[in-house]
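# Architecture and fold: a report
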Amino acid sequence: QVQLVESGGGLVQAGGSLRLSCAASGRTFSSYAMGWFRQAPGKEREFVAAITWPGNRRYYADSVQGRFTISSDNAKNTVYLQMNSLKPEDTAVYYCAVSRTILTMTQELRGDYWGQGTQVTVSS
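For the structure given in this document, a descriptive report is provided here. (Residues numbered from 1 in each chain as written. Predicted model: local features only at pLDDT ≥ 70, side-chain atom pairs only at ≥ 80, totals over all residues. Heavy atoms only, no water.)

Before going further, it helps to examine the pairing of strand 3 (residues 18–25). In the sheet, strand 1 (residues 3–7) pairs with strand 3 via five bridges, with the strands oriented antiparallel. Across the sheet, Ser7 pairs through a bridge with Ser21, a residue of strand 3. Across six bridges, the pairing between strand 3 and strand 8 (residues 78–83) is antiparallel. Each residue of the ladder has a partner; that of Ala23, found in strand 8, is Thr78. (Pairing = 2+ DSSP bridges. Helix = DSSP H or I, 4+ residues; strand = E, 2+ residues; numbered from the N terminus.)

Here's what the structure looks like:
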């Protein structure tokens with residue numbers, strides 16, 4: 001059983017920044033991918049970014065590449081998503097997720113465990 005607790009969402013003006021955090025506990029996977037999806041009202045789930053363990057490979061959606069940076073603090077079992085140059089179209093609920101493989105996240109848009117979600121709102 002894996003539990004994910006995420007935080008860091010909020011309201012920010014276009015061009016501003018936010019940093020999301022996702023702390024994991026009870027993880028038993030020897031290898032995994034961890035990152036974020038997002039979903040806006042009436043829209044389908046969208047992959048945002050992920051990082052793998054133990055390879056520490058980073059993956060980004062085209063829409064956020066160059067603006068968002070995912071990183072990890074393995075000692076704290078925590079992954080961070082630094083979001084810069086935010087745009088109104090980034091507005092969504094952001095869900096932290098863990099999956100056994102990166103392909104499950106990027107291609108199937110699925111996670112094995114999910115956080116509770118945190119709202120990110122970007123105003124014009």
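Structure's up, so let's keep going.
Next up on the list: the nonpolar core. Counting 36 residues, the largest nonpolar core has Leu4, Met34, Trp36, Leu81, Met83 and Tyr94 as its most contacted members. Of all the secondary-structure elements, those providing two or more residues to this core are strand 3, strand 4 (32–39), strand 5 (46–53), strand 7 (68–73), strand 8, strand 9 (92–99), helix 1 (102–106) and strand 11 (118–123). (Core = buried A, V, L, I, M, F, W, Y, C linked by side-chain atoms within 4.5 Å. Buried < 20%, exposed > 50% of the residue type's maximum accessible area, 1.4 Å probe, protein only.)

Taken as a whole and assessed by the stated rule, the structure comprises one disulfide. One disulfide bridge connects Cys22 with Cys96, the sulfur atoms lying 1.9 Å from each other. Around the S-S axis, the bridge from Cys22 to Cys96 shows a dihedral of about -85 degrees and counts as left-handed. Residue Cys22 is found in strand 3, and its partner Cys96 is found in strand 9; the two are separated by 74 residues along the sequence. A single burial state applies to Cys22 and to Cys96, both of which are buried. (Disulfide = S-S within 2.5 Å.)

With respect to the secondary-structure elements, Ser99 resides in strand 9. Exposure remark for Ser99: the relative accessible area of 0% places this residue in the buried category.

Moving on, we get to the packing of aromatic side chains. Using the criterion set out here, one finds three aromatic pairs in the structure. Taking 6.4 Å as the distance between ring centres and 80 degrees as the angle between the ring planes, the aromatic pair formed by Tyr95 and Trp114 counts as edge-to-face. Of this pair, Tyr95 sits in strand 9 while Trp114 sits in strand 10 (residues 113–114), and the two are 19 residues apart along the sequence. Its end group placed over the ring of Phe37, Arg45 keeps NZ or CZ at 6.0 Å from the ring centre. (Phe/Tyr/Trp six-rings, centres within 6.5 Å; stacked < 30°, edge-to-face > 60°. Lys NZ or Arg CZ within 6 Å of the ring centre and 35° of its normal.)

A separate point is the pattern of salt bridges. When the charged atoms of two side chains lie near each other, side chains of opposite charge can form a pair. Evaluation of the coordinates by the stated rule reveals three salt bridges. Glu46 is paired through a salt bridge with Arg38; the nearest N and O atoms lie 2.9 Å apart. Residue class for Glu46 comes out partly exposed when judged on its relative accessible area of 30%. Each of Arg38, Glu46, Arg67 and Asp90 takes part in one network of salt bridges that share partners. (Salt bridge = Lys/Arg side-chain N within 4 Å of Asp/Glu carboxyl O.)

Interpretation in functional terms is not warranted from these geometric data alone.
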